[in-house]
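# Understanding the architecture of this molecule
Here are the chains, one letter per residue:
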Amino acid sequence: MMKIIVLNMIAVCGLAAGLAAQETRQPEETTAIAIRTSVTAQDYMVVAAHPLAAEVGRNVLANGGTAADAAVAIQMMLNLVEPQSSGIGGGAFALYWDASTQALSSWDGRETAPLAATPDYWIRPDGRPLSWPKAVVGGRAVGVPGTLKLLEVLHAKFGSQGWADLLAPTIATAEQGFAISPRMAASIKGAAEFDLTKYDTSRGYFFDESGAPLAEGSRLRNPKFADTLRALAAQGSGYFYDGPLTDAMLAITRTPDNTGILTRQDFAAYKVIERQPVCALYRVFEVCGMGPPSSGGLTVGQILSLLERFDLAQLGPTPNAFHLIAEASKLSFADRGLYMADSDFVAMPKGLLNRAYLSNRAQLIDPAKAMDRAVAGSPPWDEAQLWAPDTQPEQKGTSHFVVVDAAGNMISMTTTIETGFGSRLMVGGFLLNNELTDFSRAPMRDGKPIANRVEGGKRPRSSMAPTIVLKDGKPVLLTGSPGGSRIIGYVAQSIIAMLDWQMDPQIAVDLGHVVNRNGATDVEEGSEDLAAGLTALGHKVKIRNMNSGLHVIKIDADKLIGAADKRREGVALGQ
Ligand code: GLY
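On a predicted model such as this, the values are computed, not experimentally measured, just so you know. (Residues numbered from 1 in each chain as written. Predicted model: local features only at pLDDT ≥ 70, side-chain atom pairs only at ≥ 80, totals over all residues. Heavy atoms only, no water.)

## Remarks on the confidence of the model for the chain
- Looking at the chain as a whole, the pLDDT averages 92, with 91% of positions reaching at least 70.
- Within the chain, helix H4 (residues 67–81) carries the highest mean pLDDT (99), whereas helix H1 (residues 10–13) carries the lowest (30).
- Overall, residues 1–21 carries pLDDT values under 50, and its contacts beyond four positions in sequence, including any with other chains, amount to 40 contacts.
- Overall, residues 23–27 carries pLDDT values under 50, and its contacts beyond four positions in sequence, including any with other chains, amount to 15 contacts. (pLDDT = per-residue confidence, 0-100. Helix = DSSP H or I, 4+ residues; strand = E, 2+ residues; numbered from the N terminus. Contact = heavy atoms within 4.5 Å.)

And the structure:
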């Protein structure tokens, strides 16, 4: 039953300063941009955000492992070598294509709010929401992590190699040490002034004895993580969710300020949920993604459906085409803000991907003129009118990887600890997420509840959009990206670039981004040539550094073609 709590309106007003801070802060540091070309393979392929992670995944596949096996090995290594972005202290979503049954499934390993949490979770004693910079650091931001359980579930269902064997390479690397990458070094330096020095364990790990951030190329060992993985190899996830590590995680979340309220019961109750993939028809394709609590699948699906009546192929990557994409995105983000949240707690309109609804709504797009801010549409049901818009943007420490194994199984997985370095709390050699800041901190607006407000046991709305595109019922493209709520735009554009504009995958992922989240039209630095055309069509253009990490595999009849985003340091490896 929906519980409506009326809070003072200053709750919403107090968000403004926090939102500004949230918007100007890059989720993660940008590193050098390299020139790349697509990689082709015949049998199997991995694309992941760090060469060591791609390598362990490739080795698993070379030994006959499945895409699920590779996912376990890749995620553990990412936790070690790209700790700022994802790990077992966070949450993830995965789409899995099972070649033996020719079936697509989607898996929700999202972090979860404490059972005792209430909609005023982020409200201070004076009735205002805690500011975003204060909310993101400390134990209160931490949700029960889901990534480890997700890996365990995928491995049990789709894996063929020994669980312990999949953890072994990361244990060895954690003990021997690895060279800090340029991106990780830049991330540590960037986070130094954003509370990464606040807590002993993370300060001791990411900074040297003089207090300087660890430099690129320096060798870093993580024996605590090796110990954690050894225990997980022997005992499975019980060690994490109902064992000694649970107590250690709970203890560290009791920070002096922004104190957490998680309990052992919250951890013991955690469940990975298999959900129906959300699929939208787009021309001759079916674009399948993650449903609620992610807004990713629905919003990417809406954008593409709204664009179906336009001949993007004929337009090519011109200001006129980007204008149409931006307009479709405005309309979709308006629906996202009003309706989308954890559907186990919030009744959501069934018709968000209804073709008649979207075809009608597409009439609002004027090819010659940008609209102002879009308002949400009315998918046909009444209860939706209870909700108020949530405009809170999200900042992310996130990573995405894709795998195709030799048997044709595939995974597209986006994984996160929310902001870079998550809550900054480190225990057992890994960082704990701050995903509960993906909830709306204000529970109400204009006397109406916000769908994405905090509730006990609820999962915060995500923008993560791991995607598998099908044609004639078979996968033809795997894509996904980190990047906050811009993930949705990055993923939609990558699909249009490869399917409508027939771009080679590397060219598609490296293409300059144009993203609209129902506000200004963000144009990526380096693509300023688009700005004049978009401005002439009425867009308020903002030139921005945009930090995607698109990792894709295109499945052609005779080969796999992979690409890793030039903006990060990932690679595509295969055979
Ligand atoms: N925190 C990343 C996302 O869920 O969108």
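Resuming the write-up.
## Side note on the pattern of salt bridges
- Overall, the coordinates contain 27 salt bridges when judged by the stated rule.
- Linking Arg 275 and Asp 344 is a salt bridge whose minimum nitrogen-to-oxygen distance equals 2.9 Å. Here Arg 275 is found in strand S7 (residues 273–275), whereas its partner Asp 344 is found in the loop between helix H16 (319–339) and helix H17 (355–361), with 69 residues between them in sequence.
- Among the residues examined, Arg 275 registers a relative accessible area of 13% and is labelled buried.
- Here Asp 344 falls in the partly exposed class, since its relative accessible area comes to 47%.
- The closest approach of N and O atoms between Asp 556 and Lys 554, which form a salt bridge, is 3.2 Å.
- What makes Asp 556 partly exposed here is its relative accessible area of 25%.
- Sharing partners across several salt bridges, the network here consists of Asp 108, Arg 275, Asp 344 and Arg 459. (Salt bridge = Lys/Arg side-chain N within 4 Å of Asp/Glu carboxyl O. Buried < 20%, exposed > 50% of the residue type's maximum accessible area, 1.4 Å probe, protein only.)

## Focus on the side chain of Ser 105
- Inspection of the secondary structure puts Ser 105 in strand S4 (residues 103–109).
- Engagement of the side chain of Ser 105 in a polar contact is seen with the side chain of Trp 107, the distance being 2.8 Å.
- Those residues in contact with Ser 105 that lie beyond four places of it in its chain are Ala 94, Leu 95, Tyr 96, Phe 158, Glu 274 and Pro 277. (Polar contact = N/O pair within 3.5 Å; in protein donor to acceptor, adjacent residues only side chain to side chain.)

## Some remarks on the state of the cysteines
- This structure, assessed with the given rule, holds one disulfide.
- In this model, Cys 279 is linked to Cys 288 through a disulfide, with the two sulfur atoms separated by 2.1 Å. What sets the handedness of the Cys 279 and Cys 288 disulfide is the S-S torsion sign, and at about 115 degrees it is right-handed. (Disulfide = S-S within 2.5 Å.)

## A look at the packing of helix H3 (residues 51–62) against H4
- As a packed pair, H3 and H4 sit with axes 8 Å apart at the nearest point and diverge in direction by 155 degrees. Taken as axis vectors, H3 and H4 run roughly antiparallel relative to one another. Pair H3 / H4 crosses with right-handed handedness. Residues Leu 52, Ala 53, Val 56, Gly 57, Val 60 and Leu 61 of H3 lie in contact with H4, whose contacting residues are Ala 67, Asp 69, Ala 70, Ala 73, Ile 74, Met 77, Leu 78 and Val 81. (Axes fitted to C-alpha atoms, helices over the stretch in contact; angles between N-to-C directions. Parallel < 35°, antiparallel > 145°, perpendicular 65-115°, else oblique. Left-handed = near helix turned anticlockwise from the far one by under 90°.)

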